[in-house]
Amino acid sequence: MSVDPTRSKRLKRLLKVQQQKRTLQEWRLATLQRERSDLDQQEVEIVESLGEQSILQGLFLDTKVRALRRNTQDKTRNAEAQHTTSKRLEAERRREKQVERAKAEAVREDAGVSAQKDLASALDTFLSRLR
């Protein structure tokens, strides 16, 4: 079996790239979760502002209802984006794990090839001394 000596190096670089891709997805998911909490807070503030403290409340009621609808639509989009990002994150984690396994295998193969070369060199040295 021929072993490519640069395979483990390439897999190390690929692993770094996969880790960066996973990190980006984690950041994206965290950003979406923060946006969701902001939307929830906005909704609470809008609902709290619907009290009876003002005589002119009826004039702004339509605006607040539209704001609540927009907020609900934004929350729906956010939930969909979180779901999609979660799936992408899981896929990136799986790919990263696959690359980790391949890299570990390549390192073991490199170590085996190196050990074979060392053994062959030692055997050649020993046989040359016997001659």
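Structure: above.
Keep in mind that what you see is a predicted model, and the values were worked out from it rather than measured. (Residues numbered from 1 in each chain as written. Predicted model: local features only at pLDDT ≥ 70, side-chain atom pairs only at ≥ 80, totals over all residues. Heavy atoms only, no water.)

Participant: How would you explain the pattern of salt bridges if you had to name every residue and give the values?
Facilitator: Inspection of every chain in the model, using the stated rule, returns 13 salt bridges. Put simply, Asp40 and Arg36 hold a salt bridge, and the shortest N to O gap is 3.3 Å. Remark: Arg36 and Asp40 occur in helix 1 (residues 7-48); sequence separation between them is four residues, near one turn of the helix. On the accessibility criterion, Asp40 (29% relative accessible area) is partly exposed. For Arg36, a relative accessible area of 27% puts it in the partly exposed group. A salt bridge links Asp40 to Lys75; its shortest N-O distance comes to 3.3 Å. Of this pair, Asp40 sits in helix 1 while Lys75 sits in helix 2 (residues 57-130); the two residues are 35 residues apart in sequence, bridging distant segments of the chain. Residue Lys75 is classed as buried on the basis of its relative accessible area, which comes to 16%. Counted as one network, the salt bridges with shared partners bring together Arg22, Glu26, Glu90, Arg93 and Glu96. (Salt bridge = Lys/Arg side-chain N within 4 Å of Asp/Glu carboxyl O. Helix = DSSP H or I, 4+ residues; strand = E, 2+ residues; numbered from the N terminus. Buried < 20%, exposed > 50% of the residue type's maximum accessible area, 1.4 Å probe, protein only.)

Participant: Please provide a residue-by-residue account of a nonpolar patch on the surface, values included.
Facilitator: A cluster of nonpolar residues, Leu123, Phe126, Leu127 and Leu130, forms a patch on the protein surface that exposes about 400 Å² of accessible area. Inspection of the secondary structure assignment puts Leu123 in helix 2. Exposure remark for Leu123: the relative accessible area of 47% places this residue in the partly exposed category. (Patch = residues over 30% accessible without salt bridge, like charges linked within 9 Å, V, L, I, M, F, W, Y side chains within 5 Å. Areas by Shrake-Rupley, 256 points an atom, 1.4 Å probe, with all protein chains shown as cover.)

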